[in-house]
Amino acid sequence: LMLGADLRQALMRDEFHLVFQPSVELRSGRIVAVEALLRWRHPERGELMPDEFIPLAESLGLIRRIDAWTMRAACAQVRLWDQAKLPPIRVAINASAATFGHPGFIESVKQALQTSQISPNRLMFEITESAILRLGEATEQTMHALHALGVGIAIDDFGTGYSSLAYLKLSGIDYLKIDRSFVTDLPNSTNDVAIVEAMLAIARSLGICTIAEGIETAAQHDFLLHAGCVEGQGYYYARGLPATEIERMLSPNPRHE
Ligand code: G
Ligand code: G
Ligand code: MN
Ligand code: NA
């Protein structure tokens, strides 16, 4: 309850910031995208992770405003990287069901793109299977509108929700993010090998790009590369990093070399 009161003030007090976790193209090793991850610098409790306040924000009806802040901040950061002449990467934003399903969502995306002057194909949204299920019919309309704008859409944590293959037929799905629970025991678990290979095959035949989450070891990386997964995220490459650190990693002549 106390935390809820603080959360109401957090936007006004400018207590949020973003870290960015790289997504690496497995074949080239290049960073091709980053996922924007929200952090709350609480005045007394210190740095709080999303699982400590996103569910609260959702239940207090604050998540739309917070997600709008994330979107604006992420787009502004992409603009700064462009102005610094860094290689163009995508930025992925996590959107809660309440955000994605709100009638004003598409308009707020257009506005963020216009304000930041970034191209729509630099932006993508991550939505979970449970959010898609919860939204029902509204999902298809929103996906259609995002797709028409040229903004990317990923199904996040794929395989952990209701995992209806029907979701993959929804128009406008560009990326499938394979949940880290399927990656952790690669390449030893024969079950996970079978499941991941099947996910990669179906995504490939539907023309959907694949991103594996939670890659922590070279063995996981090698398996996914050879199995044809397109991109990977995880501590093996990098955790969520401040914008300045991403900038350094993208620079043609990293200062530490
Ligand atoms: O940062 P962390 O690694 O703990 O992220 C955990 C989860 O928190 C992410 O998978 C995502 O679902 C959620 N999350 C992170 N940032 C945001 C945000 O800006 N908005 C929403 N709605 N969820 C977020
Ligand atoms: O969107 P999503 O809920 O998947 O957010 C990603 C979450 O996964 C973040 O909380 C991030 O800190 C975490 N994460 C990212 N890479 C790794 C990893 O390699 N291993 C583990 N255990 N967690 C990770
Ligand atoms: Mn995500
Ligand atoms: Na995820």
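- For the protein chain, the name recorded in an unreviewed UniProt entry is EAL domain-containing protein, with Dyella flava as its organism.

## Description of the nonpolar core
No. 1: With 78 residues, the main nonpolar core has Phe125 and Leu224 as its most contacted residues.
No. 2: It is helix H3 (residues 63–83) that contributes the most residues to this core, eight residues altogether.
No. 3: Leaving out residues up to four positions away in the same chain, Phe125 has contacts with Met71, Ile93, Ala95, Phe100, Phe105, Val109, Leu146, Val151, Gly152, Ile153 and Ala154.
No. 4: Residues Met124, Ala154, Tyr175 and Ile211 belong to the second largest nonpolar core, which totals six residues.

## Observations regarding the coordination of the manganese ion (ligand 3)
No. 1: Only Glu35 (OE), Asn94 (OD1), Glu126 (OE) and Asp156 (OD) from the protein coordinate the manganese ion (ligand 3), and they sit 2.0 to 2.4 Å from it.
No. 2: Written as a sequence motif, the donor residues of the manganese ion (ligand 3) are E-x58-N-x31-E-x29-D.
No. 3: In this structure, the manganese ion (ligand 3) lies 3.6 Å from the sodium ion (ligand 4), and both are coordinated by Asp156. Note that Asn94 is positioned in strand E4 (residues 90–94) and Asp156 in strand E6 (residues 152–158), a separation of 62 residues in sequence.

## Observations regarding the packing of aromatic side chains
For any pair of aromatic rings, the description rests on two quantities: the centre-to-centre distance and the angle between the ring planes.
No. 1: Scanning all chains against the criterion turns up eight aromatic pairs.
No. 2: On the numbers, 6.1 Å between centres and 45° between planes, the contact of Phe16 with Trp40 is tilted. Placement of Phe16 in strand E1 (residues 16–25) and of Trp40 in strand E2 (residues 31–42) is noted, with a sequence separation of 24 residues between them. Taken as a pair, Phe16 and Trp40 share a single burial class, namely buried.
No. 3: Taken together, the aromatic side chains of Phe16, Trp40, Phe53 and Trp69 make up a single cluster linked through ring pairs.
No. 4: A cation over a ring is seen here: Arg239 above Tyr235, with NZ or CZ 4.2 Å from the ring centre.

## Let's talk about the site of ligand 1
No. 1: Lining the immediate surroundings of ligand 1 are Leu37, Leu38, Arg39, Met49, Pro50, Ile54, Ile63, Asp67, Thr70, Asn94 and Ser96.
No. 2: One of the side-chain N or O atoms of Thr70 is found 3.0 Å from an oxygen atom in ligand 1.
No. 3: Taking 500 Å² as the accessible area of ligand 1 by itself, protein coverage stands at 75%.
No. 4: Of all elements in the fold, only E2 and H3 reach the threshold of two or more residues within the shell around ligand 1.

## Regarding the confidence of the model for the protein chain
No. 1: On average, residues of the protein chain carry a pLDDT of 94, and 98% of them reach 70 or more.
No. 2: ipTM for the predicted complex: 0.96, alongside a pTM of 0.96.

## Overview of the coordination of the sodium ion (ligand 4)
No. 1: Every protein donor of the sodium ion (ligand 4) is accounted for by Asp156 (OD), Asp157 (OD), Glu213 (OE) and Glu213 (OE), and the metal-donor separations fall at 2.1 to 3.0 Å.
No. 2: Overall, the relative accessible area of 5% leaves Asp156 in the buried class.

## Some points on the site of ligand 2
No. 1: Lining the immediate surroundings of ligand 2 are 13 residues, of which Glu35, Asp156, Arg180, Glu216 and Tyr235 lie closest.
No. 2: One of the side-chain N or O atoms of Glu216 is found 2.5 Å from a nitrogen atom in ligand 2.
No. 3: Across the complex, the protein chains shield 74% of the 520 Å² of accessible surface that ligand 2 would expose by itself.

## Quick notes on the packing of H3 against helix H5 (residues 105–116)
No. 1: In the contact formed by H3 and H5, the axes pass within 9 Å of each other and the chain directions differ by 30°. For the element pair H3 / H5, the angle class is roughly parallel. In this structure, the crossing between H3 and H5 has a hand that is right-handed. Touching Met71, Cys75, Ala76 and Arg79 of H3 are Ser108, Val109, Ala112 and Ser116, all from H5.
No. 2: Grouping the amino acids of the contact of H3 with H5 by side-chain chemistry returns five nonpolar, two polar and one charged.

## Overview of the pattern of salt bridges
No. 1: By the definition in use, this model includes eight salt bridges.
No. 2: Note that Lys177 and Glu35 form a salt bridge whose closest N and O atoms lie 2.9 Å from each other. Here the residue Lys177 occupies a position in strand E7 (residues 175–178), and Glu35 occupies one in strand E2, the gap between them amounting to 142 residues. Judged on exposure class, the residue Lys177 and its partner Glu35 are both buried.
No. 3: Where salt bridges share partners, they join Glu35, Glu126, Lys177 and Glu213 into one cluster.

Parameters at a glance
Per chain, residue numbering runs from 1 following the sequence as it is written. In the order they appear in the text, chains get letters beginning with A and ligands get numbers beginning with 1. With the structure being a predicted model, the display of local features is reserved for residues of pLDDT at least 70 and the display and counting of side-chain atom pairs for 80 or more, all residues being used for whole-chain, interface and lining totals. The side-chain numbers reported here are obtained from all heavy atoms of the structure, hydrogens and water having been left aside. Among buried residues, the Ala, Val, Leu, Ile, Met, Phe, Trp, Tyr and Cys ones that are joined through side-chain atoms within 4.5 Å form a nonpolar core. Each residue is placed in one exposure class: buried if its accessible area under a 1.4 Å probe, protein chains only, is under 20% of its type's maximum, exposed if it is over 50%, and partly exposed if it falls in between. Helix and strand labels come from DSSP, where a helix needs a run of H or I of at least four residues and a strand needs a run of E of at least two; each type is numbered from the N terminus. Contact criterion: two residues are considered in contact whenever any of their non-hydrogen atoms come within 4.5 Å of each other. For Na, K and Ca the donor cut-off is 3.2 Å, and for all other metals it is 2.8 Å, counting N, O and S atoms only; because water is absent from this set, sites may look incomplete. Each aromatic pair joins two rings of Phe, Tyr and Trp (for Trp, the six-membered one) with centres within 6.5 Å, and gets the label stacked for planes under 30 degrees apart, edge-to-face for over 60, and tilted for any other angle. Each ring is checked for a lysine NZ or an arginine CZ that lies within 6 Å of its centre and within 35 degrees of its normal; such an atom marks a charge sitting over the ring. Residues are labelled near a given molecule or strand when at least one of their non-hydrogen atoms is within 4 Å of it. A 3.5 Å cut-off defines polar contacts: any pair of N or O atoms within that distance qualifies, except that in protein one atom must be a possible hydrogen donor and the other a possible acceptor, and neighbouring residues in sequence count only when both atoms are side-chain atoms. With residues, only the protein chains shown are counted as cover, and all accessible areas are computed by Shrake-Rupley using a 1.4 Å probe. Confidence of the prediction at every residue is given by pLDDT, a number between 0 and 100. Under this scheme, a helix contributes an axis fitted over its contacting stretch, all axes are lines through C-alpha atoms, and angles between N-to-C directions fall in the 0 to 180 degree range. Here is the rule for angles: anything less than 35 degrees is roughly parallel, anything more than 145 is roughly antiparallel, 65 through 115 is roughly perpendicular, and the remaining ranges are oblique. We call a crossing left-handed when the near helix sits turned anticlockwise from the far one by less than a right angle, and right-handed when that turn is clockwise. Side-chain classes are defined by residue name, with Ala, Val, Leu, Ile, Met, Phe, Trp, Tyr, Cys and Pro counting as nonpolar, Asp, Glu, Lys and Arg as charged, and the others, Gly among them, as polar. By definition here, a salt bridge exists when the distance from a side-chain nitrogen of Lys or Arg to a carboxyl oxygen of Asp or Glu is within 4 Å.

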